[in-house]
Amino acid sequence: MNILHEFEYFKPKSKKEALELVKSKGSSAKVLAGGTDLIIQMKEKMIKTDAIIDISDLEELKGIKCEEGKGAEILACTKLVDIEFNADLKKKYPALTYAVSQLGSNQVRVMATMGGNCCHSSPAAETPAPLSALGAKVVLASLEGERELAIEDFIHGNRKNALKEGEILYKFILPEPVKKSACRYGHIGLRNAMEIDCANMAVNVELEEDKATIKNVKLVMGSVSIKPLVSEAVPKVLVGKKLTDELIATTGEAAQSEAKPISDVRASAEYRKDVIGALARRLVKEAYEAAKEA
Amino acid sequence: MGKMYEVSNKYNNYKEYEREFTEVGRSIPRLDGPAKVTGKVQYTDDLVLPRMAYGKILRSPHAHANIKSIDYNEALKLDGVLAVITGEDCPIPYGIVPHNANEHALAVGKVRNWGEGVAAVAALDEATAEKALELIKVEYEVLEAIVDPRESVKRDDLRIHENHPNNIAYEGTQVYGDPEKALAESDYIIEKEFYSSYVNHGFIETQSAISDFDPNTGKLHMYATCQVPHYTHQQLAKVLEMPMNKIRITVPLIGGGFGGKGVASQADFCSALLSRKIGKPVKITYERSEVFATNNGRHPCYMKFKMGFDKDGKITAVDFNNLMDGGAYSGWGIVVLFYTASMVHIPYMVPNVKFDGKRVFTNKPTCGAHRGLGGVQPRFAMEQMLDEAAEHFGMSPYAIRKLNAVESGYTAKSMMYVPHSEYKKCLDEAVEKSGFLEKQGKLPYGKGIGISGGYYISGTSYTLYLSYKPHTVATIKIDEENGVTLFCGATDIGQGVDTVMAQMAAETLGVKTEDVKVIPRDTEISTFDLGTFASRLTFATGWAIRQAAEKINAELFPVAASILKCRGDEIAVKDGYFYSIYEREGKKGRNREVLWTDVVTMYIESNGPLTCSGQFTPPRRKGIQQGGNIGHSPTFGFSAQVAEVDIDLETGKVNVVKITEAGDCGQPINPMSVEGQVHGSIQMGLGQALYEEMQIAPDGRFLNPSLHDYKMPTIRDMPKIDANIVEAYDPSAPYGGKESGEGPIQPTAPAIFNAVYDAIGVRFTEMPLTPEKVLNAIKAQKAK
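All of these numbers come straight from a predicted model, not from anything done at the bench.

1. With respect to the interface of chain B and chain A
Argument step 1. Taken together, the contact between chain B and chain A spans 30 residues of the former and 26 residues of the latter.
Argument step 2. Where chain B touches chain A, the interface holds eight salt bridges.
Argument step 3. Linking chain B with chain A are 14 residue pairs in polar contact (both at pLDDT 80 or more).
Argument step 4. For the side of chain B that touches chain A, the secondary structure elements donating two or more residues are α4 (126-134), α18 (671-691) and α20 (771-783) of chain B.
Argument step 5. Across the side of chain B that touches chain A, the residue classes break down as 10 nonpolar, five polar and 15 charged.

Listed below in structure tokens is the structure:
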């Protein structure tokens, strides 16, 4: 369990220096944001890297901006614990702060960052689903400049994402929630804490002026595909309709029909499909009820 | 009864123990608690000795393979590597049960489970040692692995141990009464199969050992995480071919044992062998995966039960067939096998019993001693069958338990004698506090309540090797400089025996618990104790301490009497004062008294030093059949639990909302500690019932050897616990106290399973009860 190989360790003092290092070291280096995934992978000898660029203490990459009517910006190296307990974020994006609070343990959340959680690009990650449901974008920075991507376009698959050599994930941009909308997050795992989800999901529901008809819905599933899975079937079921028990049941089936889970030590594929139905039914209803009050 | 009773009775004339205690019964926080939570105290792995080297063990990736060759030349060439050892360095087998010892510090010729040690390295630092492991080339001839004991017994062609046909480690049969006839005459018979799962203790501190061999004196001093220092001492002497008096084992504070540290670890042997080879101290600390690879956890059991009842619901007979998965080696196996047999006889009266059991080798990490060993498995089955019978007879699950429950003075068919039991009180209190009768069978679908009972031994009557010496010795030293110093080899593994021993000594000596110093265990300094297992310590050390303390009192009382000018048998001692029971200062004044310390000074000035020892040897009752003496204990603790569950019908997740416990531990020495044991037991029982399972692939690979993938309940998974101690006092016990560390785990799993039955009407017979199993059952119900 020791890290046996030798590697160079860099601790840049500015974002610019970090970008220079990322560019010059290229794929021979790994970026350390919180280290809660990276160090474990190194200890378990799953990865071997020539260099580590430690950006965890860069103040330029930390911070939350969340103002009334202006959405929010969360810089990539913001610690999860700071997101979890940010009152403005909690009020505006409860699905996100709740998802963050369910990640790992207290000790992990003090170290880990949202940038790291997304760049690690695990199919079971907690934050990509709510970020996607909320319409979040990531800003990728390099010496050449910045580019924006929707979060679901950023994550390509298991431990694969859109980062090119020389780029780091700089920040998340969350749009201001539209009126009469609400987003909810849920997850299923064996335990109530310290769990790798066997499935998770975020649902964002927007209602028409009548506070009853669904105008828009975005349902994103985690841990049932190689990347966060944005449902195409569920909007077809729900948009333009008022929510009924029958529709809730159909929503569950629609989500299940799209999920492509695998069997592993945590759960069988069949069980994952079962609980995707349960999550979809519950979260659509919860988000719908919350949107009425929004 | 043995010598100690005579001695204690003799001195007992001075003070007849009543239930009025001053130190016993105090809820004292652990004496070592503050040092633990502030990180001040040092566990074995925290210790660093001068010139210390670090050891690592190379472990087999195969579950079953012949070792063709081991080449470690490259490893020795690596800068910083000091020595490499293999099975050739440790040809002598060891085992906790000496007559079936078949384990080696490192594999000799063959590996029999994933993760078995094949070589060990000592190096200047840990990273170098680990790097050296990668340079050792082991050539294996991979053999077919068998991981299912039901398969293993049929495969005489594939023997895991050459001298064990059909891979049977041991088998045994016991017949008490005429079970066949009794079953034939029963009004109602349940026949059912159960499976209890493959779990590990999950103690937080992994095993660690530092061996310091001194080439000048030929002495070995070992620091080890060990709950049985005496047995480890013996086995080290055997494997190292050294006399016991050249070996000293110091046990620093232990971060949990639960039976898992009830065997010598390979870290102990390998560090000792390496240290002897290089003449420097060597430390080996296990990684979590090594804890799983060496396991010693609970035996999975495939159990076939027949249980008969008469027309009133009284148990007529039990026929119990147990196929036990032992894993690769012997360990505690034979003991556990016969414990499962003995556990059938209590806490209910069973007039006819048949037991037929086999412990079978498989290519899995060895099973051993695990909190409540041998009891959890049959209890899981029998407590569910009792519920089924209650339903058949239209009785409440509470009533059928009360009807069959044992009482004080009961002698089981196996000759086990129960001097004291308040089991019925436990049932009453758990039922009353939980509102069981108002809720059972009346809650909405998905919500349920279940009851279960259990008991456990309070020590064993026999040693693991033939010996007639006392099982525990306690020595108390009294002087002016330190006050009271207590020496006893009993090992505190987190259960709090150090605090409890101090309380018991303080009680008899009449001083405050906080003024008693307990010397940490060390085979060279402490007095003898067999070890921490079988919930024996409170009872065993209690007698030894009480006897030693009474001898001290017998010395001090005459001195106090002469100072107080009254008769020696009219003196009492309490709160640091000797006082006359009758003589007062003036007519209405305080009783005439003198400071305890003044009496000590006078004693030492006139008589010299004062040190007394006490001892305990349990009474023996002859078991009448093979293995029948296993399970005999001086006395027994009892527990009843009521579990309430709320099942998520869409996901199958069983949420245990509340567990109400009522326990009979006799007089609790430290009620706070008892409650801690109950909470810990419930956590462990709940973990096995719902979450935990070591997963082994068909080829024997271990799939989840980390606490990341092996799921123990977290604090967020814990139910509300209402732990109650019923009014009880065991007159056969020192200070009236019995075990409380292993009885309370017995009812947890069956109570949860019975609650699940109450919630959804499905009887599950296999642990763990995963959400997937529950959801599938709910879906099947709907499909009907």
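That was the structure; now back to the text.
2. Quick notes on the pairing of strand β22 (residues 571-574) of chain B
Residue and element names in this part refer to chain B.
Argument step 1. Bridge analysis of β22 against strand β23 (residues 577-584) gives four bridges, and the strand direction is antiparallel. The residue of β23 that forms the bridge with Lys-574 is Tyr-577.
Argument step 2. Linking β22 to β23, which pair antiparallel, is a turn of two residues; within it Asp-575 sits at a positive phi near 50°.

3. Here's the deal with the sheet that holds strand β14 (residues 229-230) of chain A
All names here are of chain A.
Argument step 1. If you walk across this open sheet you meet the four strands as β11-β12-β13-β14, and the pairing is antiparallel. Edge strands, defined here as strands with exactly one partner in the open sheet, are β11 (181-188) and β14.
Argument step 2. In the sheet, strand β12 (residues 199-207) pairs with strand β13 (residues 214-222) via eight bridges, with the strands oriented antiparallel. Bridge assignment links Asn-204 to a residue of β13, and that residue is Lys-218.
Argument step 3. Lying on the sheet, helix α12 (residues 269-293) is in contact with β11, β12 and β13; it crosses β12 at an angle near 30°.

4. Regarding the packing of helix α11 (residues 245-258) of chain A against α12(A)
Residues and elements named next belong to chain A.
Argument step 1. Close contact between α11 and α12 brings their axes to 8 Å; oriented N to C, the two are set at 135°. By the criterion of interaxial angle, the relationship of α11 to α12 is oblique. The two elements α11 and α12 cross, and the hand of that crossing is right-handed. Across from Ile-248, Ala-249, Thr-251, Gly-252, Ala-255 and Gln-256 in α11, the residues of α12 making contact are Lys-273, Asp-274, Ile-276, Gly-277, Ala-280, Arg-281, Val-284 and Lys-285.
Argument step 2. In terms of residue class, the contact of α11 with α12 is made up of six nonpolar, four polar and four charged.

5. Some words on the side chain of His164(B)
Argument step 1. As for its placement among the helices and strands, His164(B) is situated in the loop between α5 (149-152) and β7 (168-176).
Argument step 2. Those residues in contact with His164(B) that sit more than four places away from it in its chain are Arg159(B), Ala169(B) and Phe361(B).

6. Remarks on the environment of Leu31(B)
Residues and elements named next belong to chain B.
Argument step 1. Here Leu-31 shows up in the loop between α1 (3-11) and α2 (33-37).
Argument step 2. Of the residues examined, Leu-31 reaches a relative accessible area of 38% and is grouped as partly exposed.
Argument step 3. Expressed as a C-alpha distance, the spacing of Leu-31 and Lys-517, which sit 486 residues apart in the sequence, is 9.8 Å.

7. With respect to the packing of aromatic side chains
Residue and element names in this part refer to chain B.
Argument step 1. This structure, assessed with the given rule, holds 23 aromatic pairs over all chains.
Argument step 2. Plain terms: the ring middles of Tyr-94 and Phe-269 are 4.2 Å apart, the flat faces sit at 35° to each other, and that makes the pair tilted. Taken together, the residues Tyr-94 in the loop between β3 (81-86) and β4 (110-111) and Phe-269 in helix α8 (residues 266-278) connect sequence positions 175 residues apart. Judged on exposure class, the residue Tyr-94 and its partner Phe-269 are both buried.

8. Description of the sheet that holds strand β21 (residues 516-519) of chain B
Residue and element names in this part refer to chain B.
Argument step 1. Pairing is mixed in the open sheet, where four strands are placed in the order β21-β20-β19-β25. Each of the sheet's edge strands pairs with one partner strand only, and the pair in question is β21 and β25 (610-616). Recorded for the sheet is a direction-independent mean angle of 20° between the axes of neighbouring strands.
Argument step 2. Relative to β25, strand β19 (residues 472-479) runs antiparallel, the two sharing seven bridges. Within β25, the residue paired with Val-473 across the bridge is Gln-615.
Argument step 3. Across the sheet, helix α15 (residues 497-509) is in contact with β19, β20 (483-488) and β21; its angle to β21 comes to roughly 135°.
Argument step 4. Its contacts with the sheet place helix α16 (residues 537-564) against β19, β20 and β25, and it is angled at close to 145° to β25.

9. Regarding the domain arrangement of chain A
All names here are of chain A.
Argument step 1. Domains assigned within chain A are domain 1 (8-54), domain 2 (59-174) and domain 3 (181-293).
Argument step 2. Taking the mean C-alpha position of each, domain 1 and domain 2 sit 18 Å from one another.
Argument step 3. In this complex, domain 1 contributes 16 residues to the contact, which on the side of domain 2 involves 20 residues.
Argument step 4. Both sides together, the interface formed by domain 1 and domain 2 hides about 1,500 Å², and carbon and sulfur atoms give 65% of it.
Argument step 5. With its nearest N and O atoms 2.8 Å apart, the salt bridge here joins Glu-144 to Lys-23.
Argument step 6. In this assembly, domain 1 and domain 2 are joined by two residue pairs in polar contact (both at pLDDT 80 or more).
Argument step 7. With six residues, helix α1 (residues 15-25) is the largest single contributor of residues to the side of domain 1 that touches domain 2.

10. Remarks on the pattern of salt bridges
Residue and element names in this part refer to chain A.
Argument step 1. Using the criterion set out here, one finds 67 salt bridges over all chains in the structure.
Argument step 2. Here Lys-16 ties to Glu-20 by a salt bridge, and the two come within 3.0 Å at their closest N and O atoms. Taken together, the positions of Lys-16 and Glu-20, both in helix α1 and four residues apart, correspond to about one turn of that helix.
Argument step 3. On the accessibility criterion, Lys-16 (55% relative accessible area) is exposed.
Argument step 4. Overall, Glu-20 belongs to the partly exposed group, its relative accessible area being 35%.
Argument step 5. Lys-92 is paired through a salt bridge with Glu-176; the nearest N and O atoms lie 2.6 Å apart. Here Lys-92 is found in helix α4 (residues 87-92), whereas its partner Glu-176 is found in the loop between β10 (168-174) and β11, with 84 residues between them in sequence.
Argument step 6. In this structure Lys-92 comes out as buried when scored by relative accessible area, which is 16%.

The rules behind each value
Residues numbered from 1 in each chain as written. Chains lettered and ligands numbered in written order. Predicted model: local features only at pLDDT ≥ 70, side-chain atom pairs only at ≥ 80, totals over all residues. Heavy atoms only, no water. Contact = heavy atoms within 4.5 Å. Salt bridge = Lys/Arg side-chain N within 4 Å of Asp/Glu carboxyl O. Polar contact = N/O pair within 3.5 Å; in protein donor to acceptor, adjacent residues only side chain to side chain. Helix = DSSP H or I, 4+ residues; strand = E, 2+ residues; numbered from the N terminus. Nonpolar A, V, L, I, M, F, W, Y, C, P; charged D, E, K, R; others polar. Pairing = 2+ DSSP bridges. Axes fitted to C-alpha atoms, helices over the stretch in contact; angles between N-to-C directions. Parallel < 35°, antiparallel > 145°, perpendicular 65-115°, else oblique. Left-handed = near helix turned anticlockwise from the far one by under 90°. Buried < 20%, exposed > 50% of the residue type's maximum accessible area, 1.4 Å probe, protein only. Phe/Tyr/Trp six-rings, centres within 6.5 Å; stacked < 30°, edge-to-face > 60°. Domains from an automatic or database assignment. Buried area = accessible area lost by both parts, 1.4 Å probe.

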